[in-house]
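# Reading the structure
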Amino acid sequence: APTPGGGGAGASSAMPSEEDFRPSAAIVEIVVNFLIRISLVAGTETPSAGGSAAANAAAQAAAAKAGNALAGQAGGLLHSALNLWPEANVKFAYFEKQLSIATDQVSARLAVLRVLHTVVACQPKFALRHLAGMHSLLQPIFSPNSGQTKVIQAVCALLGTLMQTLSEAPSDAQAAASGGGDA
């Protein structure tokens, strides 16, 4: 079948079909890390500025609903992208930065935990490479004043996935990870 804009059999054989198209590693990295940033930012609630309490509550509820919807869509796309491109380079620094700049630490932690869970589930090697960094990211969550039920549930889900990933990893990869991952 001739391709659109093609001039016959010679043109169609020179042009790759849609099934043959593979984006470059740089494009894949940009797409995956963009979805991570959107998931992290949209999943983190921001406090409202001035105004009446009723107006602020309504605006916050609407913003939270829209942010959660966007974070859910971006998270679903991230999962699909990581399944499509399992070797995509995920930048760990985005997780650290999100926690360092967030004003609402509970929602920031939840967003980071949800996105990390998706990445670890789709890319077990990411968990092995960044085990030390994940440890330092998760450590503040275990402080006595962070006993939020949602945070604890998200940590449990992530740790369950991590345990499964580490138990299925070859022993030489585990030794390399325990020697210190780059953070």
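So, a few notes on the structure that sits alongside this text. (Residues numbered from 1 in each chain as written. Predicted model: local features only at pLDDT ≥ 70, side-chain atom pairs only at ≥ 80, totals over all residues. Heavy atoms only, no water.)

Generally speaking, a soluble globular protein has its nonpolar side chains buried in company with each other. Membership of the largest hydrophobic core comes to 35 residues, with the highest contact counts inside it found for Val32, Ile36, Phe95, Val119 and Phe126. Those elements giving two or more residues to this core turn out to be helix 2 (25-42), helix 3 (53-84), helix 4 (93-101), helix 5 (105-122), helix 6 (124-129), helix 7 (131-138) and helix 8 (149-168). It is helix 5 that contributes the most residues to this core, ten residues altogether. Apart from residues lying up to four places away in sequence, phenylalanine 126 is in contact with Val90, Phe92, Phe95, Leu116, Val119, Val120 and Met134. (Core = buried A, V, L, I, M, F, W, Y, C linked by side-chain atoms within 4.5 Å. Buried < 20%, exposed > 50% of the residue type's maximum accessible area, 1.4 Å probe, protein only. Helix = DSSP H or I, 4+ residues; strand = E, 2+ residues; numbered from the N terminus. Contact = heavy atoms within 4.5 Å.)

Time to look at the pattern of salt bridges. If the charged atoms of two oppositely charged side chains come close together, the side chains can form a pair. A complete count under the given rule lists two salt bridges for this structure. Between lysine 91 and glutamate 29 there is a salt bridge; the shortest N-O distance is 3.4 Å. On the criterion of sequence distance, the pair formed by lysine 91 in the loop between helix 3 and helix 4 and glutamate 29 in helix 2 is long-range, its members being 62 residues apart. Judged by relative accessible area, lysine 91 falls into the partly exposed class, the value being 36%. With a closest N to O distance of 4.0 Å, glutamate 87 and lysine 125 form a salt bridge. Of the two residues, glutamate 87 sits in the loop between helix 3 and helix 4 while lysine 125 sits in helix 6, which places them 38 residues apart along the sequence. (Salt bridge = Lys/Arg side-chain N within 4 Å of Asp/Glu carboxyl O.)

With that settled, the discussion passes to the packing of aromatic side chains. For any pair of aromatic rings, the description rests on two quantities: the centre-to-centre distance and the angle between the ring planes. Taken as a whole, this structure holds three aromatic pairs when the rule is applied. Look at phenylalanine 92 and phenylalanine 95: their rings are 6.0 Å apart centre to centre, the planes differ by 50°, and that puts the pair in the tilted class. Of the aromatic side chains, those joined through ring pairs into one cluster are Phe92, Phe95 and Phe126. (Phe/Tyr/Trp six-rings, centres within 6.5 Å; stacked < 30°, edge-to-face > 60°.)

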